[in-house]
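In case you want the letters, here they are:
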Amino acid sequence: MYVPKYYQMKDYGKIKDFMMHNNFVTIITYDELKPLATHLPVNIEEKDNTLYVSGHFANANKQWQTIESNEHILIIFHGPHAYISSTLIF
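Rules of the game
- Residues numbered from 1 in each chain as written.
- Predicted model: local features only at pLDDT ≥ 70, side-chain atom pairs only at ≥ 80, totals over all residues.
- Heavy atoms only, no water.
- Helix = DSSP H or I, 4+ residues; strand = E, 2+ residues; numbered from the N terminus.
- Contact = heavy atoms within 4.5 Å.
- Core = buried A, V, L, I, M, F, W, Y, C linked by side-chain atoms within 4.5 Å.
- Buried < 20%, exposed > 50% of the residue type's maximum accessible area, 1.4 Å probe, protein only.
- Pairing = 2+ DSSP bridges.
- Axes fitted to C-alpha atoms, helices over the stretch in contact; angles between N-to-C directions.

**Observations concerning the overall build of the protein chain**
What the protein chain contains, in helices and strands, is one helix and four strands. The order of helices and strands in the protein chain, counted from the N terminus, is α-β-β-β-β. Each of the three principal axes of the protein chain carries a C-alpha extent, and together these read 45 × 40 × 30 Å. Within the protein chain, contacts between residues at least 6 apart in sequence are counted, and of these 54% link residues at least 24 apart.

Quick look at the structure:
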């Protein structure tokens, strides 16, 4: 994924902090025919200065079957978000 130089983040501590505080992600894989994407809450663990992402797909979501066959998986950490009700009146 192309990231303009101005937006590139190389500080490991800041990257880890961002991931830990924004752990609702989009996981993108490929099933040999098309890309698949799922929004998931994930856990972030650090072991020996390496970050590990783990989560749980619903059994009915067939994307879980593509995880082991994908050499490269794209995980998008979106940043802060919140639900805004469509019934909210100002």
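Once you've had a look at it, read on.
**Points about the nonpolar core**
Ranked by size, the top nonpolar core spans eight residues in total: M19, V25, I27, L40, V42, I44, F57 and F77. For this core, the secondary-structure elements that each account for two or more residues are strand 1 (24-30) and strand 2 (35-47). Sorting elements by how many residues they give to this core places strand 2 first, with three residues. When neighbours within four sequence positions are excluded, F57 is seen to be in contact with I27, T38, L40, Q63, W64 and I67.

**Considering the sheet that holds strand 2**
One open sheet accounts for four strands, arranged 3-2-1-4; its pairing is antiparallel. In the strand order of this sheet, the two ends are held by strand 3 (50-55) and strand 4 (74-77), each with one partner. Sheet twist, expressed as the mean angle between neighbouring strand axes with direction ignored, is 45 degrees. Sheet topology places strand 1 next to strand 2; seven bridges connect them, and they run antiparallel. Each residue of the ladder has a partner; that of V25, found in strand 2, is L40.

**Let's talk about the environment of V53**
Summarising the element assignment, V53 is placed in strand 3. A relative accessible area of 33% places V53 in the partly exposed class. Sequence-distant contacts of V53, defined by excluding residues within four places in its chain, comprise M19, V42, N43, I44, I75 and F77.

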